[in-house]
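Each chain is listed here by its residues.
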Amino acid sequence: MLQVTRRDGEDSEQLVRRFNKLVQRDGVLQEARRRRHFISNREKERQAQRRAARRRRRTTKPSR
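Owing to the predicted nature of the structure, the values given are computational and were not obtained by experimental measurement.

Draft legend 1. Looking closely at the confidence of the model for the protein chain. With 95% of its residues at a pLDDT of 70 or more, the protein chain shows a mean pLDDT of 90. Taken element by element, the predicted model of the protein chain shows its lowest mean pLDDT in helix α2 (residues 28-34) (90) and its highest in helix α3 (residues 41-59) (94).

This is the structure:
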């Protein structure tokens with residue numbers, strides 16, 4: 001659980017901004033989005049293969 005304590009002279013906007021940075025860095029929202037729907041192991045493998053193929057297509061330049 002993330003916790004942010006108020007520093008001396010820190011206003012609420014700075015406190016919220018610091019909290020948001022921590023949430024972003026910790027990946028809390030990404031994890032929640034990822035866990036929103038169940039994905040089988042086979043589907044995860046398919047997605048990884050698709051991502052790898054796309055990455056290969058982008059990085060290799062077509063020969064002319």
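Draft legend 2. Up close: the environment of Leu 29. The topology assignment puts Leu 29 in helix α2. Here the alpha-carbon distance between Leu 29 and Gln 47, two residues 18 residues apart in the chain, equals 20 Å.

Draft legend 3. Main features of the side chain of Glu 10. Note that Glu 10 resides in the segment before α1 (12-26). In terms of polar contacts, Glu 10 uses its side chain to reach the backbone amide nitrogen of Arg 7, at 3.0 Å. Among residues more than four places away in sequence, those in contact with Glu 10 are Thr 5, Leu 15 and Arg 18.

Draft legend 4. Molecular detail of α1. With 15 residues, α1 extends 21 Å from end C-alpha to end C-alpha; this agrees with the ideal 21 Å at 1.5 Å per step. Phi turns positive one or two residues past the end of α1, at Gly 27, with a value near 80°.

Rules used in this analysis
Residues numbered from 1 in each chain as written. Predicted model: local features only at pLDDT ≥ 70, side-chain atom pairs only at ≥ 80, totals over all residues. Heavy atoms only, no water. pLDDT = per-residue confidence, 0-100. Helix = DSSP H or I, 4+ residues; strand = E, 2+ residues; numbered from the N terminus. Polar contact = N/O pair within 3.5 Å; in protein donor to acceptor, adjacent residues only side chain to side chain. Contact = heavy atoms within 4.5 Å. Expected span 1.5 Å × (residues − 1).

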